[in-house]
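Each chain is listed here by its residues.
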Amino acid sequence: MISIMTEDSVASLSQSLTPPVPFSPPRVAVIGAGKVGSTLAQRLAEKEIADVTLLDVVPGLPQGIALDLMEARGVERHDRAIIGTNDYADLTAMDVVVITAGKPRLPGMSRDDLLDINGTIVAHAAQQAITHSPNALLLIVTNPLDTMAYVAWQATGLPPQRVLGMAGVLDSARFQTFIALELGVSVLDVHTMVLGTHGDAMVPLPRFCTINGVPITEFLDQDTIDRLVERTRFAGSEIVNLMKTGGAFYAPASAACGMVEAMLADRSRLLPAACYLQGEYGLKDIYLGVPCRLGRQGVEAVVELNLTDQEQDSLRSAGELVRGQIDRVRSLLKS
């Protein structure tokens, strides 16, 4: 039997249909239009993860980079908006704010050497951003990263799960690369885990590292593993020493992009990040790189691994280093 639609039934059906909700893409602010920030803006737009607002204090710099990226949209086949600005008032209704602004390392400098100047920059940027986007998640990329995450959390008063640092994703990717190069296997099959500080006191965990599920100890002897662990610890310095006038930016931008995507897509991904610890791993009132579940609310949960005594001691030593840095910047947090 065929049902015939009358004029009255069509009108009734039209009234019952809910108008479509206009699509509103996620919005991400990137503070700092240097190489990391501008590359991150490119990654986010070209992967169609979010519209991007790029902010920097240098007049014309973020505007020029944004225009350049917008002019590439036809070639890259996407419609994401990229805006450049020098005004924090333009950072309204952002879902995620990523802070990359700060002084970069030069050869011979450690991440700790950047503590005071970058602490001031991060505290100001975080406060200004959250004033205009009070519901945003904060992702910190500026070094020394663990301490800068603590500074941003204290400066904004946000719940700690909404403030985190990009650390272990980058360090794990570097360890992943070195293992793949050593064995001549696809990097896609290599899975690694690096905890601790984003610095020389990081804690790579070889026994949690696998090649398509097979422990790396089946492929590499202990001396080789130790050598790759050491290279991972100093991977950032290796690039700084090679480049002379700057540091890594492609891999850091990719790591930050992956974390932003995990949060915006609410993937609840298990990733290492600089998280606020409240007793986990025996550490309290400190930001440190640990595994966590990452989703739309930020850090959904810190995951506690069963560490060996040696691994736990290394993690505590990393925590003591960060705590010393926090003590040094407390004056910034009170000003």
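Above: the structure in question.
Attention here is on the structure that accompanies the text. Residue positions are given per chain, counted from 1 along the sequence in the order it is written. Under the rules for a predicted model, residues below a pLDDT of 70 receive no local features and side-chain atom pairs below 80 are neither given nor counted, while totals for whole chains, interfaces and linings still include all residues. Only hydrogens and water are removed before side-chain values are computed, so all heavy atoms of the structure are retained for them.

### So, the side chain of T53
Phase 1: Going along the chain from the N terminus, every DSSP run of H or I of four or more residues is numbered as a helix, and every run of E of two or more is numbered as a strand. For T53, the location among the structural elements is in strand β2 (residues 51-55).
Phase 2: Apart from the residues lying within four places of it in its own chain, the contact partners of T53 are V28, A29, V30, I83, T85, D90, L91 and M94. We call two residues in contact whenever any of their non-hydrogen atoms come within 4.5 Å of each other.

### A word on unusual backbone geometry
Phase 1: A cis geometry characterises the amide bond from N143 onward to P144, with omega recorded as -5°.
Phase 2: Turning to its location among the elements, P144 is positioned in the loop between β5 (137-140) and α6 (145-156).
Phase 3: Look at S268: it is not a glycine, yet its phi comes out positive at around 50°.
Phase 4: Mapped onto the fold, S268 is located in the loop between α10 (250-264) and β12 (269-278).
Phase 5: Here the phi dihedral of D285 falls at roughly 55°; this positive angle occurs in a residue that is not glycine.
Phase 6: Throughout, exposure labels follow a simple rule: accessible area from a 1.4 Å probe, protein chains only, divided by the maximum for the residue type, with under 20% read as buried, over 50% as exposed, and the rest as partly exposed. Judged by its relative accessible area of 26%, D285 is partly exposed.

### A short note on the pairing of β12
Phase 1: A large share of β12 lies buried, amounting to seven of its ten residues.
Phase 2: Two strands form a pair only when DSSP identifies at least two bridges running between them. Here β12 pairs with strand β13 (residues 284-295) via ten bridges, running antiparallel. Across the sheet, the residue bridging to Q278 is K284, located in β13.

### Overview of the environment of D90
Phase 1: Looking at the secondary structure, you find D90 in the loop between β3 (82-85) and β4 (96-99).
Phase 2: For the pair formed by D90 and L54, sequence separation is 36 residues and the distance between their alpha carbons is 9.7 Å.

### Details of the packing of helix α5 (residues 115-132) against α6
Phase 1: Interaxial angles span 0 to 180 degrees and are taken between N-to-C directions of axes, which are lines fitted to C-alpha atoms, for helices over the stretch in contact. Orientation of α5 relative to α6, taken along the N-to-C sense of each, is 40°, at an axis distance of 8 Å. Comparing the axis directions of α5 and α6 gives the class oblique. Viewed along their axes, α5 and α6 form a crossing whose handedness is right-handed. Residues L115, N118, G119, V122, A123, A126, Q127 and I130 of α5 lie in contact with α6, whose contacting residues are T147, M148, V151, A152, A155 and T156.
Phase 2: Classification convention: Asp, Glu, Lys, Arg as charged; Ala, Val, Leu, Ile, Met, Phe, Trp, Tyr, Cys, Pro as nonpolar; all other residues, Gly among them, as polar. Class assignment of the residues belonging to the contact of α5 with α6 gives a composition of nine nonpolar, five polar and no charged. For this classification, under 35 degrees means roughly parallel, over 145 means roughly antiparallel, 65 to 115 means roughly perpendicular, and everything else is oblique. Working rule for handedness: look at the near helix, and if it is turned counterclockwise from the far one by less than a right angle, call the crossing left-handed; if clockwise, right-handed.

In short, the description is geometric, and any link to function would need to be established separately.
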